[in-house]
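# Structural features, examined
Each chain is listed here by its residues.
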Amino acid sequence: MDSLRQEKIHKFEEFVDRRLKPDLVRAIAERDKVFDQQKIFSDLRKNIENLEKNSVTNLRTLVNLGSEVYMQAEVPDTQRIFVDVGLGFHVEFTWSEALKFISLREEKLERQIEEYTRLIASIKAQIKLVCEGIRELLQIPEEKTVEGRVF
């Protein structure tokens, strides 16, 4: 095999290893962060709906002070709730206002998840395309797919 072909293969492999794979790992990590945020807002929505359903007016709970140290707390009026809206800001909402905000945030998070999923699929397709180019440069015959059911 000539040195020009070897050099092209090396550049393609380096591109996959140094650019595409780190981009893929980063995109998956970012999508996972958005999934975590989505779960937090979903749990908050369920908790507010339970408070409304059970007509809870006061509440005793445990509050995480940090480093998994908890303290008992009493909430004398549960009609208002503080929600973290980002950048360290918390806004006081009524239950209905909080539910509206949560539904808007969940829609936004769903769109972000879809965007990251498309990005991940695009990066995977680029990796597959480069690997196919390497296969052609190495003159390895294409793998045949078996028609029918695969178990």
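Note that residues are indexed from 1 along each chain, following the sequence as it is written. Thresholds applied to this predicted model are a pLDDT of at least 70 for local features of residues and 80 or more for the giving and counting of side-chain atom pairs; totals over whole chains, interfaces and linings are not thresholded and use all residues. Neither water nor hydrogens contribute to the side-chain values; these are computed over all heavy atoms in the structure.

Cavity and pocket criteria rest on a 1 Å grid covering protein atoms alone: a 1.4 Å probe that fits but cannot get out defines a cavity, protein on both sides within 12 Å along at least 5 of 7 lines defines an open pocket, and an atom within 4 Å of a point defines a lining residue. Grid points are joined across faces, edges and corners, and a volume is the space filled by probe spheres set on the points. Empty space within the largest pocket amounts to approximately 700 Å³. Considering the residues around the largest pocket, the lining is formed by 24 residues, among which Leu44, Ile81, Phe82, Val83 and Asp84 are closest to the centre. Secondary structure is summarised from DSSP: a helix means a run of H or I of at least four residues, a strand means a run of E of at least two, and numbering begins at the N terminus for each. Elements with a contribution of two residues or more to the lining of the largest pocket: helix 1 (3–53), strand 1 (59–66), strand 3 (80–86) and helix 2 (95–138). Residues of the lining of the largest pocket, tallied by class, amount to 14 nonpolar, six polar and four charged. Amino acids are sorted into nonpolar (Ala, Val, Leu, Ile, Met, Phe, Trp, Tyr, Cys and Pro), charged (Asp, Glu, Lys and Arg) and polar (every other residue, Gly among them).

Take Glu106: it is sitting in helix 2. When a residue's accessible area, from a 1.4 Å probe over protein chains only, is under 20% of the maximum for its type it is buried; when over 50% it is exposed; and in between it is partly exposed. Judged by relative accessible area, Glu106 falls into the buried class, the value being 17%. Setting aside its immediate chain neighbours within four residues, Glu106 contacts Phe41, Ser42 and Arg45. The contact criterion used throughout is that any non-hydrogen atoms of two residues lie within 4.5 Å.

As defined by bridge partners, strand 1 adjoins strand 2 (residues 69–75) across seven bridges and the pair is classed as antiparallel. In the sheet register, Asn64 faces strand 2, and the bridge partner there is Tyr70. Two strands qualify as a pair provided DSSP detects at least 2 bridges between them. In this antiparallel pair of consecutive strands, strand 1 and strand 2, the connection spans two residues, and Ser67 shows a positive phi of 55°.

Within an α-helix, residues lying three or four positions from one another point in the same direction, as the helix has 3.6 residues per turn. With 44 residues, helix 2 ought to run about 64 Å at 1.5 Å a step, and its terminal C-alpha atoms sit 63 Å apart, in line with that. Once helix 2 ends, the next one or two residues include Gln139, with phi positive near 60°. A helix's residues, less one, multiplied by 1.5 Å, set its expected span.

Every case where a carboxyl oxygen of Asp or Glu lies within 4 Å of a side-chain nitrogen of Lys or Arg is listed as a salt bridge. Going through the model one piece at a time under the given rule, you end up with nine salt bridges. For Asp23, the salt bridge goes to Arg19, with nearest N and O atoms at 2.8 Å. Placement of the pair is Asp23 and Arg19 together in helix 1, with a separation of four residues, close to one helical turn. Among the ionic pairs, Arg26 bridges to Asp23, the shortest N-O distance being 2.6 Å. Separated by three residues within a single helix, Arg26 and Asp23 lie in helix 1, roughly one turn from each other. Where salt bridges share partners, they join Arg19, Asp23 and Arg26 into one cluster.

With respect to the element layout, Lys124 can be found in helix 2. Given the relative accessible area of 47%, Lys124 is considered partly exposed. Distance from Lys124 to Leu24, taken between C-alpha atoms, is 7.5 Å for residues 100 residues apart in sequence.

Attention now goes to unusual backbone geometry. In this structure, Ser55 is a non-glycine residue whose phi angle is positive, near 50°. Residue position: Ser55 is located in the loop between helix 1 and strand 1. The class for Ser55 is exposed, based on a relative accessible area of 55%. Phi is positive for Ser67, which is not a glycine, with a value near 55°. Mapping Ser67 onto the fold places it in the loop between strand 1 and strand 2. Assessed through its relative accessible area of 74%, Ser67 is described here as exposed.

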